[in-house]
Each structure stands twice: as structure tokens, then as C-alpha cells.
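# Residue-level structural notes
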Amino acid sequence: MLPASAKAPHKQSRKQSISIGRGTRKRDEDSGTEVGEGTDEWAQSKATVRPPDQLELTDAELKEEFTRILTANNPHAPQNIVRYSFKKQWSLDFIPKLKRKIPVNYWGQDEGEISNKTEGTYKLIGFVNQLAVHYTQVGNLIPKDSDEGRRQHYRDELVAGSQESAKVISETENLEEDEEPKELETESGSQTDVPAAGAAEKVTEEELMTPKQPKERKLTNQFNFSERASQTFNNPLRDRECQMEPPPRTNFSATANQWEIYDAYVEELEKQEKTKEKEKAKTPVAKKSGKMAMRKVTSMESQTDDIIKVSQAAKIVERMVNQNTYDDVAQDFKYYEDAADEYRDQVGTLLPLWKFQNDKAKRLSVTALCWNPKYRDLFAVGHGSYDFMKQSRGMLLLYSMKNPSFPEYMFSSDSGIMCLDIHVDHPYLVAVGHYDGNVAIYNLKKPHSQPSFRSSAKSGKHSDPVWQVKWQKDDMDQNLNFFSVSSDGRIVSWTLVKSELVHVDVIKLKVEGSTTEVPEGLQLHTVGCGTAFDFHKEIDYMFLVGTEEGKIYKCSKSYSSQFLDTYDAHNMAVDAVSWNPYHTKVFMSCSSDWTVKIWDHTIKTPMFIYDLNSAVGDVAWAPYSSTVFAAVTTDGKAHVFDLAINKYEAICNQPVAAKKKNKITHVQFNPIHPIIIVGDDRGHIICLKLSPNLRKMPKEKKGQEVQKGPAVEIAKLDKLLNLVREVKIKT
């Protein structure tokens, strides 16, 4: 039992704890928080605290979801960086956006029209670096697999091994010190102890005598830093590539057996025996002359073989050099398309490419142009003179676009060449007509400059200049033949029979209504002077002839006395007549009376008439469209028409002559590439590329395939002609 004085303090302390608990509860109630016991504390509602500036939203606005897309772009990266470009820029006022430099006054313009803009421009930089670095720290940790990590690991192992050897040496020394006093106490020790001590000494000596491994050379630092005088930024290398067609390859293989070698030797022996027999039969004088001739022939053959080998290699090298020299022109020919055509209202331009000329053909007019039907980059040029008082010589040149500096083939003649044509099936045969009335055939396979076949006064040559020649299909005996037209009114068919030209007069042109009667009762007919003709693409026997009187005759090979039809076409000489390559009823003519006319051969009046304000030298249909054609005039301009776009005027009028005084004489479209060649009266030939507006093709419609082919081209031209026919029928 405890005394009462011992119990009293315990009661007081309990009362104090109760009063303290009540005081704390009162403080909690005063502070505004309700504190319960057990589950009552979580059942009580909790009041939400809102900031005073919070917006009050409805339930619909609260339920609305806003999606935000996270991107890797840096929002703080600048988007409008502009830098100064130091590149030189050239511009031509009269030709839009050429990619290369063109010499001043090249097109006959004033020097003020060409501006050299040496100042640069500010260009917007499209690429912006989106990388943002949030945290970087430079450390000195090295991967274990790296070379430096292996070296450090190797050094640590060496240090640990040296420390272990030092411990062993110190332990052996301590053992020796302990054994020395024992030896002093026992002067004569046991014999078994002596060899043990000797063995311990040998072990320590061997460890001391082992050679230490040499220390590895310390590197300058752990990052392999190399000191240099200067470290400059090297610009990245640029690769320039060009695309070309691979050269043709042929695989040749043969087997040489023993009997084949034997047969070859036997043939050679037989030949030698035959030559010996021939030499015996000859007289001594003949022997000497024969030997000399044989020596000359063999020497000439060896020389020609060497020259041919060198010439082929030189031709390849020359083409390579020219390709490098005219690389910018070749790039424009292959890839450049004038982007400014999108902003022009159906108007196009001609981009000048190569210019072909030769010193030997100076002061000779370009009288004929013709593309090779097989080799699309090769074309023939005839040089002569249209002036009656300046007749001298003629030249036949064949140029390739792969080598614009020099012609591939060159032939000269005594008389000027006025026309030419290349055979379709035999692209090495070129028929030409001369100013003196002769016709000739050149064979490109034969190296000599003389023609393989040539007419003469005996074989029925023309008495006036030959203005046009055209190859025709082979006759019944498979002989090559061509036609010619001349101012003497004769249209002649020439046939190659064995080694000579045989002629037949197909028709003689007569001016209708010009017969005069002589007192003796004879009738005199005025001869029609033929200047141009063209054969129908499908009907072999039908052809058109243009005359100096301005009339066009529709003729047949079967009728030599009368014409199928006559058209009063022009007021002056007809310079060219050409059938449409797609539409069988349509042909075109041009004249020195400044007009170009498009005809339907079933109607005697023209469908379209265009006045070009100067004498028209030549016209040509485009091979890719039935409604596109080009014409050249003597004022040095080229005109390109597209009837489907504008049937009232040309969509391109551009001066193309090198000088203003030069007259353009002929024009021809390339069969494949979108280019034309034009020739002038100074012997220059200029190659021009058609801009996209001049060769528009039908647009693609959604869900429909673009229809192509001759039928579509015929329908396109028929649609235009029907509009004109309806108007003519009404009038």
C-alpha cells in the first residue's frame, strides 16, 4: 500500500493531461478546422479554395476537350533568317530567265538591253536548326572497352602486383631477423634447418632477379588531343554527274579448233601458189610494174588503216572536248524548261542553243535542211546561192549536235546545191539538186568527195535550177528512185539502175489559158516554172507542185498531160508546199507575197491565211502536233503557230538571226526532240529549243486517261476546220 501523498501527484498529472487535450481541441475549433475521431473525419465535406481571378465556366465548357499536339520543333528558333548572297547574276531584257551567259549583241540588240547585275541579293534561309540543349556536363569517365580504359586497367594491375611482391619481401626479412638470435644461442644447429634457410634465400633472390616490365608511355591526355597550328573548316565536296546513254555493245565469241587452223593454212598456201603461177605467166617488164604497183597499194592500205584508227580516236576525243566546252548548252538542251511560261498568257519563246558554221561555207546561203531519219542528232545542210549573178560553188555538210564545232561529213561541188533529201531506209544516201540542173547522189559510206551517181546532159539533166528532190518508194524491180522539180517545167523520176541514173519525165507543167497560135497553125504553151513539191503521205500517186506564177497544181503520177486540180494560191512565187503529217486532206503553202495559207485539198479556197509582213522563206509542220507549224521570214524572225491555242496569230514571234541584215531561208523540226534548226543567207545554222507553251499536250482529266495518237490529232484539226467550213458555206 502506498501512502496518500504518493497517489496525489498521479491524479494531478492525469487532470493536467485532460485539460491540455481540451485546450488543443478548442484551438483547433477556433482555427476553423473540424477534427473528428475515426470515420467521422473523412465523412465531413471539404471546402474548395478558389483564387479570386478564376473564370466561372459552365458544365459544357468544362467538359470540352482541347487537344494539343507536341512537336519536335523549337518554338524559340528564328524562322526568318536572311543572308546576303554574293553570286553574280546576269539578265537579258528580251529573253526571259536564261540560265547562262550570252555575249553582247548576239541577237542584234543594243548593248543597253543587257544588264550585268553584279550586286547580290538577300535570300531567305529555309533550313532552321531545331535542336535545343537543356543540360550539359563535362565529365572524365572513360568506357572500359576503349583503348584508354584498357591501358588504365593494365597499369592498375601492374601497381597491385608490385605491392604484393614488396609485402612478400618484407615478410621474408622479418623471418630472417627472428632466426638470427636462435642461431647465436645454438652454435651448432641441426643439419635439417640449414637447407630450409638456403631455399628461402633462393626464392627471394629469384623474385629480386625477375626483370620488371617496362612502364607504358604516358599519353598527353585521355582525349587524344593533337596540337596543330590552325584548324580550319573544310567545305564539303560537291559531286557533279551527267547522264548519258551507254555505248552499244556486242558479244563476239569463236572457237579455234585444230582443223580450222589447218584449213586456214591450206587456203593461204593455195593463194600463194596461184600468185606464183600468175607471176610466171607475166613478162619481165610486167613483173616489175606489177611489183611496183603492189608495193604502192600495200603502202597506201597500211597508211589508210593507220589514218582510220587515228581518225576514230580523234573524233571521240573531239566530241569529249566539245561536250565539256558546250556543257551549259547541253544541260539547257536536255533539262532546262522555261518556268516563266506559266505566267505568260499562252505565249512561248525560243531558247538559242548551238550555232553551226564552217569557214569553207562562208558567204554561201543555206539552201536546204534535212534531219537524218535514223540518227536523230545528225542533219544535212546544203549551201549555194539564190542570186543569179553570184553563182560559184556549193557545199554539202552534215553536222551532229554532239560536235557543233566541225561537220561530220563535208562534200564540195562545182555548182551550188539548191535542195537535198536523205533516204528513209538507207540513211547514208543523200540526193541533191544543183543550180546547173544536175542531180547527184552522195554515199556517206564512201570517203571520197565525189558523188556516187550524177546526171549529165546525155542522161536528161534539167536545163534550169533544181528546186526540190524527194526520195520515193522502190519501184517494182526494187530499184531506188527519187523525183525532182525544176524551173524548166519538168518533173522527172530518176531511177538507179546498176551504176547509172535513168530518167523518166512524169509531167510537164503548162500555164493554163496561155496557149498562143502561130500563123503556121502550131500552138505554143507557156511553161510553168516549178519551185516546190510534196508527195501525199498515204496516196502514193498524188503530189502537189508550186510554181513561180503563184499557182499550186495537184498532180498524179499516172497522168502526164493534165492536172487533178489547180489552186490560185499566191500572187508571187510559191516557196514551199507541205502536207500535214496527220490529216490527209490538209496542206500548207508559203510565198514571197508575205502570206502563209492552210488548205483543204477538196476546197479551192484557203482555210486560214496569215500575213507575216515579210517574204516567207520556208514553213514546216511540227511532228508532235497536227496544229503546230513554224515559218521563217526574210526579216530574220521565226514564227510559231498553234491553231488549237490561237488561230488568228502566232504564239511566238522572235528574231533569231545573228545579225539584223541576215535573212532566214529555211526551218526544220527535229523528229524527236523539242528543237528546230534555222538557216540564214550567211551560212549559219542556229538550233533553238521550244518553250513549254509551244508544245502543249492535252491536259489530264480526273478519272480519265489522256488520249494520244494520230486519231486524236486528226480530230483536233478537224474540229477547227469544221468551224471554218461552216462559215464558208453560209457565205
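Bear in mind the structure is a predicted one, so any value in this text is a computation, not a measurement. (Residues numbered from 1 in each chain as written. Predicted model: local features only at pLDDT ≥ 70, side-chain atom pairs only at ≥ 80, totals over all residues. Heavy atoms only, no water.)

## Observations concerning the confidence of the model for the protein chain
The predicted coordinates of low-pLDDT regions are not to be read in fine detail. We count it as follows: The quantity known as pLDDT measures the predictor's confidence residue by residue, on a range of 0 to 100. The contact criterion used is simple: two residues touch if any of their non-hydrogen atoms lie within 4.5 Å.
Scored by pLDDT, the protein chain comes out at a mean of 77, with 73% of its residues at no less than 70. When the criterion is pLDDT under 50, residues 1-36 qualifies, and its contacts beyond four places in sequence or with other chains add up to 6 contacts.

## Description of a negative patch on the surface
Operational definition: Residues enter patches when their relative accessible area tops 30% and they take part in no salt bridge; the joining distance is 9 Å for like charges and 5 Å for the nonpolar side chains Val, Leu, Ile, Met, Phe, Trp and Tyr. Areas reported here follow the Shrake-Rupley algorithm with a probe of radius 1.4 Å; residue values treat only the protein chains shown as occluding. Criterion for a salt bridge: a side-chain nitrogen of Lys or Arg within 4 Å of a carboxyl oxygen of Asp or Glu. When charges are counted, Lys and Arg contribute as positive and Asp and Glu as negative, whereas His and the chain ends are disregarded. The location of each charge is read from NZ of Lys, CZ of Arg, CG of Asp or CD of Glu. Helix and strand definitions here come from DSSP, where helices need a minimum of 4 consecutive H or I residues and strands a minimum of 2 consecutive E residues; each element is numbered from the N-terminal end.
On the surface, Glu 260, Asp 263, Glu 267, Glu 268, Glu 270, Glu 273 and Glu 277 cluster together into a patch of negative charge. Relative to the helices and strands, Glu 273 is located in helix α6 (residues 258-281).

## Here we look at the sheet that holds strand β15 (residues 481-486)
Our working definition: Should DSSP find at least two bridges between two strands, the strands are regarded as paired. Between N-to-C directions, angles span 0 to 180 degrees; the directions come from axes that are lines fitted to C-alpha atoms, helices contributing only their stretch in contact.
Across the sheet, which stays open at both edges, the 4 strands sit in the order β14-β15-β16-β17 with antiparallel pairing between neighbours. The sheet is open, and its two borders are formed by β14 (466-472) and β17 (500-508), each paired with just one other strand. Put simply, the sheet's adjacent strands are angled 25° from each other on average, direction ignored. Taken together, the 5 bridges between β15 and strand β16 (residues 490-497) define a ladder with antiparallel strand orientation.

## With respect to a positive patch on the surface
A surface patch of positive charge is lined by Lys 362, Arg 363, Lys 390, Lys 659, Lys 661 and Arg 682. Mapped onto the secondary structure, Lys 390 falls in the loop between β7 (378-384) and β8 (394-400).

## Structural notes on the packing of aromatic side chains
Threshold: Note on ring pairs: Phe, Tyr and Trp rings are taken, using the six-membered ring of Trp, and paired if centres are within 6.5 Å. Classes follow the plane angle, with under 30 degrees stacked, over 60 edge-to-face and the rest tilted. The buried label applies to any residue whose accessible area, calculated with a 1.4 Å probe on protein chains only, is under 20% of its type's maximum; exposed applies above 50%, and partly exposed to all values in between.
Tallied over the entire structure, the rule returns 24 aromatic pairs. Judged by centre distance (6.4 Å) and plane angle (15°), the rings of Tyr 386 and Trp 467 are stacked. Of this pair, Tyr 386 sits in the loop between β7 and β8 while Trp 467 sits in strand β14, and the two are 81 residues apart along the sequence. Since its relative accessible area comes to 22%, Trp 467 is described here as partly exposed. Judged by centre distance (5.0 Å) and plane angle (40°), the ring pair of Phe 535 and Phe 543 falls under tilted. On the accessibility criterion, Phe 543 (0% relative accessible area) is buried.

## Section: the sheet that holds strand β33 (residues 675-680)
Here we have 4 strands laid out as an open sheet, ordered β5-β34-β33-β32, and antiparallel in their pairing. Whereas interior strands pair on both sides, the edge strands pair on one side only; in this sheet they are β5 (350-356) and β32 (664-669). Neighbour-to-neighbour, the strand axes of this sheet turn through a mean angle of 25°, independent of strand direction. Pairing of β32 with β33 involves 5 bridges; the strand directions are antiparallel. By the bridge assignment for β33, Ile 664 is matched with Asp 680.

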